[in-house]
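For reference, the chains in residue letters:
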Amino acid sequence: MKYIFVSGGVISGIGKGIATSSIALLLKSAGFKVVPMKMDPYLNVDAGTMNPIEHGEVFVLDDGAETDQDLGHYERFLNESLNKTSIATQGSIYLSVIQKERNLEYDGECVDVVTYVTEEIIKRIKEAGRSKNADIVLIEIGGTTGEYQNVLFLEANRIMKLKNPGDVAHIHITYLPVPSSIGEMKSKPAQMSVRDLNAVGIQPDILLARASRSLDQNRIKKLAISTGLEPEYIISAPDVDSIYKVPVGFEDQQLTKKLLSKLGLIEKNADLPAGRQGLKEWQGFVSKIDSALREPEGKRTVKIAIVGKYFATGDYTLSDSYISVIEAIKHAAWTQALNPEIYWVDAGKVEKNPEILKGYQGIIVPGGFGSRDIEGKIITIKYARENNIPYFGLCYGMQLATVEFARNVLGYKDANTTEIDPDTAHPVIHIMPDQEKKLLERNYGATMRLGAWDCVLSEGSGVRKLYGKKDISERHRHRYEFNNDYRQEIEKNGMQIVGTSPDGKLVEVIELKDHPFFVGTQFHPELKSRPLDPHPLFIGFIEAASKIKAS
Ligand code: GLN
């Protein structure tokens, strides 16, 4: 097995996840079995307990692991589902070491950080590769070089390289700013970030230079001299209008070949006429993006509103909290040669004036927790239902659609989810008994209903038609459920239950009759949408939205 580490320097947010995903795709296209893996420096055991404002989206895998949004990128680029061995937080690593110490597994030795923690890191890396029989494990190291937090991951990299120099490579992603007052691309911070890496005993094999534009020969020469890298191993990674173009840009600079040569490997697919068969399909997808974006303005656009609460909260990037929803919309739109325009609508503002929803062709209420702006979301759903605007409710969006229906169609004015009002007389969404126990015990970590669960779709439903099959499996992350006491009454009044768990006990999908598109899912379909395999429900939603007149 070969190992490639990816680190980042200068600033955070330079697109390490996208670069790692792109490299994974390129290696896969060259015929290798690649397993990407994220090493996160924080002490949380997983991402599940973090606030989305802190962390961005929690990406859930089939096996229920609550992970970092980069895992979403890996899956989307590779078009493969990963498992929990592809994520390791520093917290989870320390937890394993400390548990072993408590079990006397270290035979009474003094458990030092270096040796035992680094050994555990190396063990996790090897496990990730073994779990999928990989040729190459691609390890993205979270954080920025030069900081204290991720130094143990780099130390594990150094040790692995020392033991098996031919099997380990390192790619450093750095950043070259173009300060507006100077107007010139500056390479000093990039030089310093490589020096930081050298200081912990690592010399990169390849430098990926993120910048607003490609590097010129001058910059390459400077970097080559200061870092000791041959100029051909310095690859430009300029800003592009779509993240999905990044692999193509790398390939134009022969990154795969150069990287493989560092590991003593040659492309397995080199004898194929077009070079890389896998990338051909990807390039086809990229040209679809271009043609959708090229459409005359306004003609083939589709305006989608995402109505939620996490808006206007200051500095953090909102799009990070809903990244899979955004990507799923794009995948579905591009396959229909549509250019998606996504608008963030603050549910609090809708509560004051629902008319601000006018003009959108489709409305999504995504997943969420807690009570803030809940009434605004319910008013949004009412607006979509009554005005025949395509509506797609994802998890909380499905639960609140049920609440809205109970209030305004069944006439139970106080209907609610017990997450918001535990004492409501009409708890149309309620907590499962096992979940209640966990909350009472303050047992929050990794205890929701998580991961992939099977679901059976009803004959004749719109949803089943879109999937084109009866049995599906989708990913979940929630504690509350549809209350079966209201099933009959709700169905009698026109909201259909079109997807349930195989035993029929849990309601997973609702659909409204006589509406262009009104679907709510207890699961998160956005987590399984892939560029080369857009999600059927998002395709249906976008198609319905495209038929609505925009304004
Ligand atoms: N808060 C809701 C629950 O726990 C919905 C969760 C979500 O949207 N992911 O059931």
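All values reported here derive from a predicted model rather than from experimental measurement.

Caption draft 1: Seen up close, the site of the ligand. Taken together, the residues surrounding the ligand are Gly 367, Gly 368, Phe 369, Cys 395, Tyr 396, Gln 399, Glu 419, Arg 477, His 478, Arg 479, Tyr 480 and His 524. At 3.0 Å from an oxygen atom of the ligand is found a side-chain nitrogen or oxygen belonging to Gln 399. Contact with the protein chains removes 98% of the 300 Å² of surface that the ligand exposes when unbound. Secondary-structure elements contributing two or more residues to the shell around the ligand are helix 15 (396-408) and strand 17 (471-478). Its residues placed into classes, the shell around the ligand shows four nonpolar, five polar and three charged.

Caption draft 2: The arrangement of the pattern of salt bridges in detail. Throughout the structure, instances matching the rule amount to 35 salt bridges. With a closest N to O distance of 2.9 Å, Arg 210 and Asp 239 form a salt bridge. Placement of the pair is Arg 210 in strand 8 (residues 206-211) and Asp 239 in the loop between strand 9 (234-238) and helix 9 (246-252), with a sequence separation of 29 residues. By relative accessible area, which is 46% here, Asp 239 ends up partly exposed. One salt bridge in this structure joins Arg 219 and Asp 216, with 2.9 Å as the shortest N-O distance. Look at Arg 219 and you get buried, because its relative accessible area is 8%. Residues joined by salt bridges that share partners form a network here, namely Lys 100, Glu 120, Lys 123, Arg 124 and Glu 127.

Caption draft 3: Region of the structure containing the pairing of strand 9. Counting buried residues along strand 9, four of its five residues qualify, which places the element largely inside the surrounding structure. Relative to strand 9, strand 8 is paired through five bridges, and the arrangement is parallel. Bridge pairing links Ala 209 to Ser 236 in strand 9. In this region the chain leaves strand 8, passes through helix 8 (residues 217-227) and returns to the parallel neighbour strand 9; the handedness of that crossover is right-handed.

Caption draft 4: Focus on empty space enclosed by the protein. A complete count under the given rule lists one cavity of 30 Å³ or more for this structure. Of the pockets and cavities examined, the largest cavity occupies roughly 30 Å³. Of the residues in the lining of the largest cavity, the class split is two nonpolar, six polar and one charged.

Caption draft 5: View of the side chain of Thr 20. Relative to the elements of secondary structure, Thr 20 occurs in helix 1 (residues 16-29). For Thr 20, a relative accessible area of 0% gives the class buried. Residues contacting Thr 20, with those up to four places away along its chain left out, are Val 6, Tyr 74, Leu 138 and Glu 140.

Caption draft 6: Local environment of the packing of helix 12 (residues 323-335) against helix 19 (residues 536-546). In the contact formed by helix 12 and helix 19, the axes pass within 8 Å of each other and the chain directions differ by 65°. The orientation of helix 12 relative to helix 19 falls into the category roughly perpendicular. Along this stretch, helix 12 crosses helix 19, giving a crossing that reads as right-handed. Counted together, Val 325, Ala 328, Ile 329, Ala 332 and Ala 333 of helix 12 and Phe 538, Ile 539 and Ile 542 of helix 19 form the full contact between these two elements. For the contact of helix 12 with helix 19, a count of residues per class yields eight nonpolar, no polar and no charged.

Caption draft 7: The arrangement of unusual backbone geometry in detail. Of note in this structure, Asp 107 is not a glycine but carries a positive phi near 50°. Within the fold, Asp 107 resides in the loop between helix 4 (90-102) and helix 5 (113-131). You can call Asp 107 exposed: its relative accessible area is 70%. Even without glycine at this site, Asn 133 takes up a positive phi of about 55°. By secondary structure assignment, the location of Asn 133 is in the loop between helix 5 and strand 6 (136-141). By relative accessible area, which is 68% here, Asn 133 ends up exposed.

Criteria and thresholds
Residues numbered from 1 in each chain as written. Predicted model: local features only at pLDDT ≥ 70, side-chain atom pairs only at ≥ 80, totals over all residues. Heavy atoms only, no water. Near = heavy atom within 4 Å. Polar contact = N/O pair within 3.5 Å; in protein donor to acceptor, adjacent residues only side chain to side chain. Areas by Shrake-Rupley, 256 points an atom, 1.4 Å probe, with all protein chains shown as cover. Helix = DSSP H or I, 4+ residues; strand = E, 2+ residues; numbered from the N terminus. Nonpolar A, V, L, I, M, F, W, Y, C, P; charged D, E, K, R; others polar. Salt bridge = Lys/Arg side-chain N within 4 Å of Asp/Glu carboxyl O. Buried < 20%, exposed > 50% of the residue type's maximum accessible area, 1.4 Å probe, protein only. Pairing = 2+ DSSP bridges. Right-handed = clockwise from strand over helix to strand, strands pointing away. 1 Å grid on protein atoms, 1.4 Å probe; cavity = no way out; pocket = protein on both sides within 12 Å on 5 of 7 lines; lining within 4 Å. Points joined across faces, edges and corners; volume = space filled by probe spheres on them. Contact = heavy atoms within 4.5 Å. Axes fitted to C-alpha atoms, helices over the stretch in contact; angles between N-to-C directions. Parallel < 35°, antiparallel > 145°, perpendicular 65-115°, else oblique. Left-handed = near helix turned anticlockwise from the far one by under 90°.

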